Protein chains: 2
Amino acid sequence: MKLTSKGRYAVMALVDLARFDNINPVSLRDISLRQGISLDYLEQIFSKLRKKEIVQSVRGTQGGYVLNRKAKDIKLTNIFDAVDEKVKTVQCKKESKKGCNGKSTKCLTHNLWDELENHINNFFKEKSLEDLVKDNSERRL
Amino acid sequence: MKLTSKGRYAVMALVDLARFDNINPVSLRDISLRQGISLDYLEQIFSKLRKKEIVQSVRGTQGGYVLNRKAKDIKLTNIFDAVDEKVKTVQCKKESKKGCNGKSTKCLTHNLWDELENHINNFFKEKSLEDLVKDNSERRL
DNA sequence: TATAAACCTGACTAAAATAGTCAAGTATCA
DNA sequence: TGATACTTGACTATTTTAGTCAGGTTTATA
């Protein structure tokens, strides 16, 4: 059970962006350098973020990206959703809800995995980008 | 971010075992048939569970496995630990705690991943095998 | 004591997912 | 008109997962 680096990078990049986007758009090149993430990979990630309207792009020289909403209105769940980072505990979700592949005896633990998914997703729904930026500036020396 | 089937199967198998082990040891063959998990794979999993003293084996004809402790003393975290199902959010754990690969600016989000790990692990520490068995018998029609 | 049931171990592998790289653009500002 | 920066899609090496397979050993019971 692990987080993919795509999800992790997306959050890191957005925290970085949120800290610097007060005045000008932030270029991916800057984020790449500051966060040590490959530029090509960042482009892939921001393409998804843009499609989900989490960021806006500004083209041309001095261009870059800006947040499309207030930091406090961007939750982790929005970010993970955008880059396809999902919490998956069981395969049997798509099937009929009761049956679990037809055999009702099979999923003794189905309830458990649902609870677990909810538990994790709740965490993601509560945390906003603003929380992360604040938390970070407070920890600053 | 997903649960591996090894972790999932381990829990499923142990819930099954916990329900049937009152009198006789439960054979993997029975669990395999009831839960639809390959016998070979179950053996792999139970080998790990036995090493961590979660179950005991009984050899010979009529042999099988029994729980090594009370169901309420077996937590999900013990099971996942036994089969190497770990919650991993970042790679930078093994390095020096502060540095995060040396660059202190890098991990703007380090705190977050720690929180997330704790959040998930707390869930695993609270849930016991007994909870699952109870939950299941209550849902029974 | 033979034998079958069941445990035990380790090596092997196909398939899927991940974590990127690479190439070839297009748009816009200075 | 050139430099900067976004945009897109295809491609690939590596790693992980989810098992299978083969060849044992142990022990209850007939």
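A brief look at the structure comes next. Computed from a predicted model, the values in this text were never measured in an experiment. (Residues numbered from 1 in each chain as written. Chains lettered and ligands numbered in written order. Predicted model: local features only at pLDDT ≥ 70, side-chain atom pairs only at ≥ 80, totals over all residues. Heavy atoms only, no water.)

Turning our eyes to something else, we now look at the overall build of chain A. The helix and strand inventory of chain A stands at 6 helices and 2 strands. Walking chain A from its N terminus toward its C terminus, one meets helices and strands in the order α-α-α-β-β-α-α-α. By sequence separation, contacts in chain A at least 24 residues apart represent 65% of the contacts at least 6 residues apart. Of the roughly 7,900 Å² of accessible surface on chain A, 44% is carried by carbon and sulfur atoms. (Helix = DSSP H or I, 4+ residues; strand = E, 2+ residues; numbered from the N terminus. Contact = heavy atoms within 4.5 Å. Areas by Shrake-Rupley, 256 points an atom, 1.4 Å probe, with all protein chains shown as cover.)

This part is about the interface of chain A and chain B. Many descriptions give the size of an interface as the accessible area lost when the pieces come together. Each side of the interface is counted separately: chain A has 41 residues, and chain B has 41 residues. Considering only the side of chain A, the residues that lose the most area to chain B are Met1, Leu108 and Phe123 of chain A, jointly responsible for 21% of the buried surface there. Linking Lys127 of chain B and Glu115 of chain A is a salt bridge whose minimum nitrogen-to-oxygen distance equals 3.1 Å. Where chain A meets chain B, there are 15 residue pairs in polar contact (both at pLDDT 80 or more). Breaking the side of chain A that touches chain B down by element, the ones donating at least two residues are α1 (5-20), α2 (28-35), α4 (76-82), α5 (110-126) and α6 (129-139) of chain A. A per-element tally of the side of chain A that touches chain B places α5 of chain A first, with 9 residues. Tallied by class, the residues present in the side of chain A that touches chain B amount to 18 nonpolar, 10 polar and 13 charged. (Buried area = accessible area lost by both parts, 1.4 Å probe. Salt bridge = Lys/Arg side-chain N within 4 Å of Asp/Glu carboxyl O. Polar contact = N/O pair within 3.5 Å; in protein donor to acceptor, adjacent residues only side chain to side chain. Nonpolar A, V, L, I, M, F, W, Y, C, P; charged D, E, K, R; others polar.)

Next up on the list: the packing of helix α2 (residues 28-35) of chain B against helix α3 (residues 39-51) of chain B. Residue and element names in this part refer to chain B. Where α2 meets α3, the closest approach of the two axes is 9 Å, and the angle between their N-to-C directions is 120 degrees. By the angle between their directions, the pair α2 and α3 is classed as oblique. Seen from above, α2 lies across α3 with right-handed handedness. Facing Leu28, Arg29, Ile31 and Ser32 of α2, the residues of α3 in contact are Leu39, Leu42, Glu43 and Phe46. Across the contact of α2 with α3, the residue classes break down as 5 nonpolar, 1 polar and 2 charged. (Axes fitted to C-alpha atoms, helices over the stretch in contact; angles between N-to-C directions. Parallel < 35°, antiparallel > 145°, perpendicular 65-115°, else oblique. Left-handed = near helix turned anticlockwise from the far one by under 90°.)

The subject of this paragraph is the pattern of salt bridges. Residues and elements named next belong to chain A. This structure, assessed with the given rule, holds 8 salt bridges over all chains. Residue Arg34 pairs with Asp16 through a salt bridge whose shortest N-O separation is 2.7 Å. Of the two residues, Arg34 sits in helix α2 while Asp16 sits in helix α1, which places them 18 residues apart along the sequence. Judged by its relative accessible area of 28%, Arg34 is partly exposed. Note on Asp16: relative accessible area 1%, which makes it buried. (Buried < 20%, exposed > 50% of the residue type's maximum accessible area, 1.4 Å probe, protein only.)

The next subject is the protein's contact with DNA strand C. Near DNA strand C, the surroundings consist of 26 residues, among which Ser38, Gln44 and Arg59 of chain A together with Ser57 and Tyr65 of chain B are the closest. In DNA strand C, the atoms that sit within 4 Å of the protein are 66% sugar and phosphate, with bases accounting for the remainder. Leu28 of chain B is positioned such that a nitrogen or oxygen atom in its backbone is 3.4 Å from a phosphate oxygen of DNA strand C. Breaking the surface near DNA strand C down by element, the ones donating at least two residues are α1 and α3 (39-51) of chain A together with α2, α3, β1 (55-58) and β2 (64-67) of chain B. Of all the elements, α3 of chain B adds the most residues to the surface near DNA strand C, at 4 residues. (Near = heavy atom within 4 Å.)

Quick look at the protein's contact with DNA strand D now. As a structural note, the neighbourhood of DNA strand D is formed by 28 residues, with Glu43, Ser57 and Tyr65 of chain A together with Ser38 and Arg59 of chain B the closest of them. Each atom of DNA strand D within 4 Å of the protein was classed as base or backbone; sugar and phosphate made up 65%. At 3.4 Å from a base oxygen of DNA strand D is found a side-chain nitrogen or oxygen belonging to Glu43 of chain A. Here Arg59 of chain B contributes a side-chain N or O atom positioned 3.2 Å from a sugar or linking oxygen of DNA strand D.

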